[in-house]
Amino acid sequence: PNENGMHDLVVTNFNNTLFPFIRYKIGDEVIIHEDSVKKEFTLPLVEVLGRSLRTIKSPKGKDLTIHFFNGVLEYYSDYIANYRIVQKSKSKIYIYLVTHKMLDKKNKENIVSRVSDYTENSMDVELKFVNELPKTGSGKRIVMEVYNGN
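These remarks concern the structure in this document. All values reported here derive from a predicted model rather than from experimental measurement. (Residues numbered from 1 in each chain as written. Predicted model: local features only at pLDDT ≥ 70, side-chain atom pairs only at ≥ 80, totals over all residues. Heavy atoms only, no water.)

Describing the overall build of the protein chain
- Of regular secondary structure, the protein chain possesses two helices and nine strands.
- In the protein chain, which comprises 150 residues, the proportion classed as buried is 27%.
- If you take every contact in the protein chain between residues at least 6 apart in sequence, the share linking residues at least 24 apart comes to 48%.
- Approximately 10400 Å² of the protein chain is accessible, and the part contributed by carbon and sulfur atoms is 50%. (Helix = DSSP H or I, 4+ residues; strand = E, 2+ residues; numbered from the N terminus. Buried < 20%, exposed > 50% of the residue type's maximum accessible area, 1.4 Å probe, protein only. Contact = heavy atoms within 4.5 Å. Areas by Shrake-Rupley, 256 points an atom, 1.4 Å probe, with all protein chains shown as cover.)

As for the nonpolar core
- In this structure, Phe69, Ile93, Ile95, Ile111 and Val115 are the most contacted members of the largest nonpolar core, which totals 21 residues.
- Elements with a minimum of two residues in this core: helix 1 (66-73), strand 6 (80-89), strand 7 (92-99), helix 2 (105-118) and strand 8 (124-129).
- Ignoring any residue separated from it by four or fewer positions in sequence, one finds Ile93 in contact with Ile56, Leu64, Phe69, Ile85, Val86, Gln87, Val115, Met123, Asp124, Val125 and Glu126.
- Counting residues in hydrophobic clusters, the runner-up holds five residues, among them Val86, Tyr94, Tyr96 and Val98. (Core = buried A, V, L, I, M, F, W, Y, C linked by side-chain atoms within 4.5 Å.)

Focus: the sheet that holds strand 7
- A sheet is described by the order of its strands in space; here four strands give the open sequence 8-7-6-9, paired in mixed fashion. Two strands in the sheet have a free side with no partner beyond their single neighbour: strand 8 and strand 9 (144-145).
- Looking at chain direction, strand 6 and strand 9 are connected through two bridges and run parallel. By the bridge assignment for strand 9, Val86 is matched with Glu145. (Pairing = 2+ DSSP bridges.)

What follows is the structure, encoded as C-alpha cells:
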C-alpha cells in the first residue's frame, strides 16, 4: 500500500501469447477489502478508486494538479498543441509547450502570471518551447513530472 493506504492496480494481458506475464501499472488506485482476503477466495475484492493524480506542492502549500494546468492553458488552444509540466525543484516549474503558432509576449506573460499568482509567487515558472515532447517506451505521453527531492 501507498502512504494513503491504497494500492496501485497492475494488469496483465493473458491473450498475448508472446509475453503473457508482463504486468502494467496503469495509474489506477484500489482499496483491498481485507475481509475478502480469505483462503476460500482466489482473488481479493477490490474497489477501484480511479486515477492517481500527480500533484506539485508549492512551497506555500498550494496543490497544482493537471486540472489546474488545463484550466490555465485551455484558453490558448489556438496556439498550444501539447504540453508537459516538469517540476525541477521545490520552487521551479518548467512548462514545455509544443505550439501551432508562437504565443505573443502578452500571452506568455499571462500564463506565467496565472501560475505564479496561484503559488503566491513561491515558484519560478518558465515556459520552454519545443518541437515535440518525449514519450515512454510504450508510446504514452507523460504530462506531469513531480520533483521528488533527489
